[in-house]
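Chain by chain, the residues:
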Amino acid sequence: MVIVGAGPTGLMLANELRLAGVRPLVLERQPSRRDTPKAGGLGGQILQLLRYRGLLERFEAACTGPVPAPRFPFGGVHLDLTQLADPPMHALPLPQQQLEQLLDERAAELGVDLRRGHEVTAVSQDHAAVSVDVRGPDGPYRVSTRYLVGCDGARSRVRDWAGIPFPGTTYPEVNRLAQVTLPETVNVLDNGDLDVPGFGTIHAGFTRTGHGLLGVGSSPTSTVVSLYTVEDETVEYDDDTPMTVTELQDSVRRVLGVDLPVADPIRLSRFTFKARQAERYRDGRIMLAGDAAHLFPATGVALNAGMLDAVNLAWKLAADIHGWAPAGLLDTYHSERHLAGARTMLHTRAQVALRRGHDPAAEALRQVFQELLTDEQPLRRMGALVAGTDIRYPMSGPHHHSSAGTFTPDLTLHTNRGITSVGELMHPARPVLLDLADRPDLRQIAHVWHQRVDIHTGTTDQRPADALLIRPDAHIAWAAAIDEPADTAAPALQAALTAWFGP
């Protein structure tokens, strides 16, 4: 089992495979982790998944600052979730360099074979295996593997070698994002506005001009200011070439016509926006995940989507490698994660439409959209959409429980061994049958699969179902309705166990 690329998606996949008893080989062409700033944090459903793996506290401890209030940019407006007691979207300020270091450390703990400075130069496959040509520090060599996953980013050569089309749109805009300090001559007002000598006031939030967009996020209690510019450009930038303070200041000057003095950069990053999705995430024994499979034209979603790809794929690959995968299991990776990618593409393309218009009609659209988000239900719906928590995977067969295909809530459980939770039960990344109504008829059926499925009994407040069959990626494969008769619940459970975890 070979993974190409040791970014967040590749490392997450490797770690999940190790939990499932598979020893992957990770090949990364860069000799060491890159210091070029990229993503500035994690957000959305992946945070709950990390909690379910027992890793979230470690990630929170590594954060570079306090966890921000749940207020997120959305196409030139904001999703302000602070008014909700239980917001559907959260984020952690964890720069990608630190994220990769944490995942790298976890990989070392789990015994992942990670080879940096080993560049894949060619890939080919037949019905039985994938051949991988590699150029390493000691010369070229070849690896033969049952499966290969391309986690090698937007310019994925694995995708090209597999002949998988990557249609979509490249937008002519360059985004620059920075966290910097300002000199004492620039006054940060109580409302977050900046008072710049010789210019006047730069308002907090977004300012649009005929030359682009400037975003300002500041606080009178902090010397650190977030700056964000967007300009239409046709210049091709190398992702490995870091942005400089001078480049940022030049961009601010072009957009707003002001020389803004900045110093002591904490973060400087530059990125362009593309909306592309691979036509298929699987081609025979080759699969794609992360940026190799999808590129979204908005910030704050790529890491969430890519790492969730990895979690969805890992247990299915492991099932096939261990020999018990039911027919078609690996194909559900494409059907489920392509659906999730399309859902993310929907709202990120909507953000393009919101942010790129500069005429009065576009301003009116943004104003109406922002007004809609003052109501709780639209705000919850949009928050769940951005977080990826509204995804419901399609389940085969009739008469599914309303929770089937959704992410399992972290229920507090009372058992004969004490109080636990769904999240704690998911630490080993194994399937779980959770009996919430003392149903020995259902436990007896599941016992046939006891080597693959953990069986737990407990009670919980506001019981959602009599029983839940939970996949390793924490999605519900099947559920028994409250007081569902054995003559319907038992055969449905047996069918679900067979469909997902083999005969």
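Residues numbered from 1 in each chain as written. Predicted model: local features only at pLDDT ≥ 70, side-chain atom pairs only at ≥ 80, totals over all residues. Heavy atoms only, no water.

1. Some thoughts on the overall build of the protein chain
Then, in step 1: The helix and strand tally for the protein chain stands at 13 helices and 28 strands.
Then, in step 2: At 24 Å, the protein chain has a C-alpha radius of gyration in line with the 23 Å of a compact globule built from 503 residues.
Then, in step 3: The principal-axis extent of the C-alpha atoms belonging to the protein chain is close to 80 × 60 × 40 Å.
Then, in step 4: At a minimum sequence separation of 6, the contacts of the protein chain that also span at least 24 residues come to 69%.
Then, in step 5: Here the protein chain has roughly 22100 Å² of accessible surface; of this, 51% comes from carbon and sulfur atoms.
Then, in step 6: Between the averaged position of the 47 positive side-chain charges in the protein chain and that of its 59 negative side-chain charges there is a distance of 6 Å. (Helix = DSSP H or I, 4+ residues; strand = E, 2+ residues; numbered from the N terminus. Rg over C-alpha atoms; globule rule 2.2 N^0.38 Å. Contact = heavy atoms within 4.5 Å. Areas by Shrake-Rupley, 256 points an atom, 1.4 Å probe, with all protein chains shown as cover. Lys, Arg positive; Asp, Glu negative; His and termini not counted. Charge placed at Lys NZ, Arg CZ, Asp CG, Glu CD.)

2. Some points on the sheet that holds strand β27 (residues 467-470)
Then, in step 1: Strand order across the open sheet formed by four strands is β26-β25-β27-β28, with mixed pairing between neighbours. Strand pairing shows two members of the sheet lacking a second neighbour, β26 (454-457) and β28 (476-480), which therefore form its edges. With direction set aside, neighbouring strand axes in the sheet form an average angle of 15°.
Then, in step 2: For strand β25 (residues 432-435) and β26, the ladder comprises four bridges, and the chain directions are parallel. Each residue of the ladder has a partner; that of Leu433, found in β26, is Ile455. (Pairing = 2+ DSSP bridges. Axes fitted to C-alpha atoms, helices over the stretch in contact; angles between N-to-C directions.)

3. Remarks on the environment of Ala69
Then, in step 1: For Ala69, the position within the fold is in the loop between α3 (56-61) and β4 (71-74).
Then, in step 2: Separated by 239 residues in the primary sequence, Ala69 and Leu308 place their C-alpha atoms 23 Å from one another.

4. Quick notes on the pairing of strand β5 (residues 77-80)
Then, in step 1: As judged from the four bridges shared by β4 and β5, these two strands associate in the antiparallel manner. Within β5, the residue paired with Arg71 across the bridge is Asp80.

5. Here's the deal with the packing of helix α12 (residues 440-447) against helix α13 (residues 486-501)
Then, in step 1: At a minimum axis distance of 10 Å, the contact between α12 and α13 shows a crossing angle of 25°. For the element pair α12 / α13, the angle class is roughly parallel. Handedness of the crossing formed by α12 with α13: right-handed. Residues Asp441, Leu442, Ile445 and Ala446 of α12 touch α13, and the partners they reach there are Ala486, Ala489, Ala490, Leu493, Gln494 and Leu497. (Parallel < 35°, antiparallel > 145°, perpendicular 65-115°, else oblique. Left-handed = near helix turned anticlockwise from the far one by under 90°.)

6. Quick word on the pairing of strand β19 (residues 263-277)
Looking along a regular strand, one sees side chains alternate from face to face of the sheet.
Then, in step 1: Here strand β12 (residues 168-181) pairs with β19 via 10 bridges, running antiparallel. Looking across to β19, one finds that Val174 is bridged to Thr272.

7. Overview of the side chain of Glu28
Then, in step 1: Within the secondary structure layout, Glu28 lies in strand β2 (residues 25-28).
Then, in step 2: Among the polar contacts listed, one links the side chain of Glu28 to the backbone nitrogen of Gln30, at a separation of 2.9 Å.
Then, in step 3: In this structure, Glu28 is in contact with Gly5, Ala6, Gly7, Arg115, Arg116, Gly117 and His118, ignoring residues within four places of it in sequence. (Polar contact = N/O pair within 3.5 Å; in protein donor to acceptor, adjacent residues only side chain to side chain.)

8. Regarding the sheet that holds strand β9 (residues 130-136)
Then, in step 1: A sheet is described by the order of its strands in space; here three strands give the open sequence β8-β9-β10, paired in antiparallel fashion. Edge positions in the sheet fall to β8 (119-125) and β10 (139-145), since each has one partner strand and no second. Going across the sheet, the axis of each strand differs from the next one's by a mean of 20°, ignoring polarity.

9. Remarks on unusual backbone geometry
Then, in step 1: Located in the positive-phi region is Asp438, a residue other than glycine, with phi close to 50°.
Then, in step 2: Its place among the elements puts Asp438 in the loop between β25 and α12.
Then, in step 3: If you check the backbone angles, Asp483 has positive phi at about 60° while not being a glycine.
Then, in step 4: Its relative accessible area of 62% is what places Asp483 among the exposed residues. (Buried < 20%, exposed > 50% of the residue type's maximum accessible area, 1.4 Å probe, protein only.)

10. Considerations on helix α6 (residues 245-256)
Then, in step 1: Between its first and last C-alpha, α6 extends 16 Å over 12 residues, near the 16 Å set by a 1.5 Å rise per residue.
Then, in step 2: Among the residues making up α6, those that are buried are Glu247, Leu248, Ser251, Val252, Val255 and Leu256. In an axial view of α6, the angular spread of the buried residues amounts to 140°, which keeps them on one side of the axis.
Then, in step 3: Buried residues along α6 sit against β12, β15 (200-202), β16 (205-209), β17 (212-217), β18 (224-232) and β19. (Expected span 1.5 Å × (residues − 1). Arc of directions from axis to C-beta.)

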